[in-house]
Amino acid sequence: MTTPGDHHRRYSPLDDRRHRRYMGPPISTSSSAASFKGCCCCLFLLLTFLALLAVAVALVVVLVLKPKKPQFDLQQVAVQYLLIDSTTAALGGAQPPAAYLSLNITLLFIANNPNRVGIRYEAAALELMYRGVPLGVATVPGFEQPAESRRLVQTRVVVDRFNVLQADALDLVRDAALNDRVDLRLTGDVAAKILVLGLSSPRVQVSVDCAIVISPRKQSLIYQQCGVDGVL
């Protein structure tokens, strides 16, 4: 015979212990947070170590190899032709004077690498100007140069009937007819990177600034002088 007390058994601590043993140990949130912080700390230390290692390698390269600035010099200018077609002003001065300049010249550069490691040159565009007016562009292709070597680099500038107006036109016609000379300027930057163990250094900037004087009558070069400034 059952009694009413059998249906409402009193809760005991033993039942609570059995229930906890069945469900497993409770999950601690504090231990998970500590593990996450430990992983972040390890990652930060690893990145710091890699950065210090990179700086140390760079210092060793600079102290041991002692990199020098490359040289990019204009060696020769070959004139295929330089033609000037001038027009006089119309009656009443309604139309300003103009001069049309056409030229075809070949530029030969020498790239000199004095370093004990290779150099990678980026493609460059050098501007050919007359009295500050851009006439054309000499494109220099990108290339790699071995250590302690010299290399010839050739490019060409072709200008087809470039219209030089007003004061510059008068100066161009006078220089060509009376002085038999046309003063041109070649300017631009050539960028290079030093290669060490397959890795490239920060960019080395070489500025090219050359004065070129051409004789229209002889169709030949009269004078050339360059100032090349390398910045590490």
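Quick caveat, the model's predicted, so the values are computed rather than measured. (Residues numbered from 1 in each chain as written. Predicted model: local features only at pLDDT ≥ 70, side-chain atom pairs only at ≥ 80, totals over all residues. Heavy atoms only, no water.)

Turning to the side chain of Asp171, a few remarks are in order. Mapping Asp171 onto the fold places it in helix α4 (residues 166-177). Here the side chain of Asp171 touches Arg174 through a polar contact of 2.9 Å, side chain to side chain. Those residues in contact with Asp171 that lie beyond four places of it in its chain are Tyr130 and Arg131. (Helix = DSSP H or I, 4+ residues; strand = E, 2+ residues; numbered from the N terminus. Polar contact = N/O pair within 3.5 Å; in protein donor to acceptor, adjacent residues only side chain to side chain. Contact = heavy atoms within 4.5 Å.)

On to the sheet that holds strand β1 (residues 71-87), then. The strand order across the open sheet built from 3 strands is β1-β2-β7, with neighbouring strands paired in antiparallel fashion. In this open sheet, the two strands that pair with only one neighbour each are β1 and β7 (149-165). With strand direction ignored, the average angle separating the axes of adjacent strands in the sheet is 10 degrees. Sheet topology note: the strand β2 (residues 98-113)/β7 ladder contains 15 bridges and is antiparallel. What sits directly across from Ala98, in β7, is Leu165. (Pairing = 2+ DSSP bridges. Axes fitted to C-alpha atoms, helices over the stretch in contact; angles between N-to-C directions.)

It is worth spelling out unusual backbone geometry at this point. Note on backbone geometry: most residues besides glycine have negative phi, and most peptide bonds are trans. Non-glycine residue Asp180 carries a positive phi angle of around 55 degrees. Tracing the chain through its elements places Asp180 in the loop between α4 and β8 (182-196). Residue classification places Asp180 among the buried positions, given a relative accessible area of 12%. In this structure, Gln219 is a non-glycine residue whose phi angle is positive, near 55 degrees. Locating Gln219 in the fold gives a position in the loop between β10 (204-215) and β11 (220-231). (Buried < 20%, exposed > 50% of the residue type's maximum accessible area, 1.4 Å probe, protein only.)

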